[in-house]
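Analysis of the macromolecular model
So you can see what is in the structure, the chains are spelled out below.
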Amino acid sequence: MLTTRFVDGAPCWIDVAAPDPEGAASFYRALFGWSYRSAGPEGGGYGFLERAGRIVAGCAPLTGDRGPAAWTVYFRTSDADATAEAVRRARGSVPAPPVTVGEQGRSAVLADQMGASFGVWQPGKREGLESAGEAGSLCWAELYTPDIARAAAFYHTVLGWETSAVSFPGGVYTSVSPQGTGEEGAFGGMVPLADDPVEAAENRPHWLPYIGAEDPDAVAARAAELGGRVRMPPTSIPGVGRLARLEDPYGARFAVLRGDPRET
């Protein structure tokens, strides 16, 4: 379960990179009620997206070397440099080596063996997000990958993750937990890329953040009105809840979820 009691290996931050941060902030304000706050003159254009005064995400200007607009999921580590080196040894890559962010912490953007990018955060004064696991904030994260076994081995090596097979009506899901937390610590899962027609159409491994939503149908409809795209319409999955996969006007992909085992 995602909370703000962060442990090593757990998601602790997300941010969206967009060519127009003000436009992106406006979209998410209208969609989730998030407000925008600049990180200040030394932030390089970075800002915080907040809900009820608590940080739920970051927002960054998209520079030429960062590729297309995208959401990035960051995982907590006690040593960003050691994690980056572990990624190299495990035949991943380090697109953005570890850098110090003032007194806040140290971050890096990495990629697994199959090219799915993710971030790591070594906390200083800032532990991570101020809201998680509830409506309007990060509640789940999924990796779409061509090889579950290979991905599980990679992330176990570099972040210590444990995986478990969870049965639900219609199949088996690979859930992911920080080391030593068991199924109670599950924060996300891994999905075979080829088995999901929506994600397979994108034809590249990637992480997808889920934002909690009390009414996924209303959020999906609003996203379309605001110039976004509904990649997968609201769908109920027994034992999971109701979810929709969306894209903002700049192409950054995310999903919304109302978890409820009683959904049919």
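Residues numbered from 1 in each chain as written. Predicted model: local features only at pLDDT ≥ 70, side-chain atom pairs only at ≥ 80, totals over all residues. Heavy atoms only, no water.

Across its full length, the protein chain carries five helices and 16 strands. Computed over its C-alpha atoms, the radius of gyration of the protein chain comes to 17 Å, within 12% of the 18 Å expected for a compact globule of 264 residues. If you line up the protein chain on its principal axes, its C-alpha atoms span 50 × 40 × 35 Å. Of all intrachain contacts in the protein chain linking residues separated by at least 6 positions in sequence, the fraction that spans at least 24 positions is 59%. Carbon and sulfur atoms provide 50% of the accessible area of the protein chain, an area that totals close to 11500 Å². With 23 positive and 32 negative side-chain charges, the protein chain shows a separation of 1 Å between the mean positions of the two kinds. (Helix = DSSP H or I, 4+ residues; strand = E, 2+ residues; numbered from the N terminus. Rg over C-alpha atoms; globule rule 2.2 N^0.38 Å. Contact = heavy atoms within 4.5 Å. Areas by Shrake-Rupley, 256 points an atom, 1.4 Å probe, with all protein chains shown as cover. Lys, Arg positive; Asp, Glu negative; His and termini not counted. Charge placed at Lys NZ, Arg CZ, Asp CG, Glu CD.)

With that out of the way, let us pick up the side chain of Ser-137. With respect to the element layout, Ser-137 can be found in the loop between β8 (117–123) and β9 (138–145). There is a polar contact of 2.9 Å between the side chain of Ser-137 and the backbone oxygen of Glu-134. Aside from chain neighbours lying at most four places away, what touches Ser-137 is Val-56, Ser-131, Ala-132, Tyr-210, Ile-211 and Gly-212. (Polar contact = N/O pair within 3.5 Å; in protein donor to acceptor, adjacent residues only side chain to side chain.)

We now examine the nonpolar core. Of all hydrophobic cores here, the largest spans 67 residues; its most connected members are Phe-118, Tyr-155 and Trp-207. In terms of residues, this core owes the most to one element, helix α3 (residues 148–159), which gives seven residues. Once residues lying within four places of it in the same chain are set aside, the contact partners of Trp-207 are Val-73, Phe-75, Ala-116, Ser-117, Phe-118, Ala-141, Glu-142, Leu-143, Tyr-155, Trp-161 and Gly-189. Formed by 14 residues, the second largest nonpolar core is a distinct cluster that contains Cys-139, Leu-208, Met-232 and Ala-255. (Core = buried A, V, L, I, M, F, W, Y, C linked by side-chain atoms within 4.5 Å. Buried < 20%, exposed > 50% of the residue type's maximum accessible area, 1.4 Å probe, protein only.)

As a further point, take α3. Compared with an ideal rise of 1.5 Å per residue, which puts twelve residues at 16 Å, α3 spans 16 Å between its outermost C-alpha atoms and is within 8% of the ideal. Restricting attention to buried positions, one finds in α3 the residues Ile-148, Ala-151, Ala-152, Phe-154, Tyr-155, Val-158 and Leu-159. End-on, the buried residues of α3 take up no more than an arc of 165 degrees, which puts them together on one face. Away from the buried face of α3 by more than 90 degrees, exposed residues Ala-149 and Thr-157 are located. Sitting at the head of α3, Asp-147 places a side-chain oxygen 3.3 Å from the backbone nitrogen of Ala-149. (Expected span 1.5 Å × (residues − 1). Arc of directions from axis to C-beta.)

Attention now goes to the packing of helix α1 (residues 21–32) against helix α5 (residues 216–225). What describes two packed helices is the angle between their axes and the distance between those same axes. Where α1 meets α5, the axes come as close as 9 Å, and the angle between the chain directions of the two elements is 150 degrees. In terms of crossing hand, the pair formed by α1 and α5 is right-handed. Every residue of α5 that contacts α1 at Phe-27, Ala-30, Leu-31 and Phe-32 is listed here: Val-219, Arg-222 and Ala-223. Within the contact of α1 with α5, the residues separate by chemical class into six nonpolar, no polar and one charged. (Axes fitted to C-alpha atoms, helices over the stretch in contact; angles between N-to-C directions. Left-handed = near helix turned anticlockwise from the far one by under 90°. Nonpolar A, V, L, I, M, F, W, Y, C, P; charged D, E, K, R; others polar.)

What follows covers the pairing of strand β11 (residues 171–177). Most of β11 is tucked away, with five of its seven residues classed as buried. With seven bridges connecting them, strand β10 (residues 162–168) and β11 associate as antiparallel partners. Residue pairing for β11: Ser-167 is matched across the bridge by Val-172. Between β10 and β11, which pair antiparallel and follow one another directly, the connecting turn spans two residues, one of which, Gly-170, has a positive phi of 110 degrees. Two strands pair when backbone bridges link them, and β11 and strand β12 (residues 188–192) are joined in this way by three bridges, in the antiparallel orientation. Bridge pairing links Val-176 to Gly-188 in β12. (Pairing = 2+ DSSP bridges.)

Residue position: Arg-76 is located in strand β5 (residues 70–76). A polar contact is formed between the side chain of Arg-76 and the side chain of Asp-8, at a distance of 2.4 Å. Apart from residues no more than four positions distant in its own chain, Arg-76 is found in contact with Phe-6, Val-7, Asp-8, Gly-9, Ala-10, Cys-12, Trp-121, Pro-123, Glu-127 and Leu-159.

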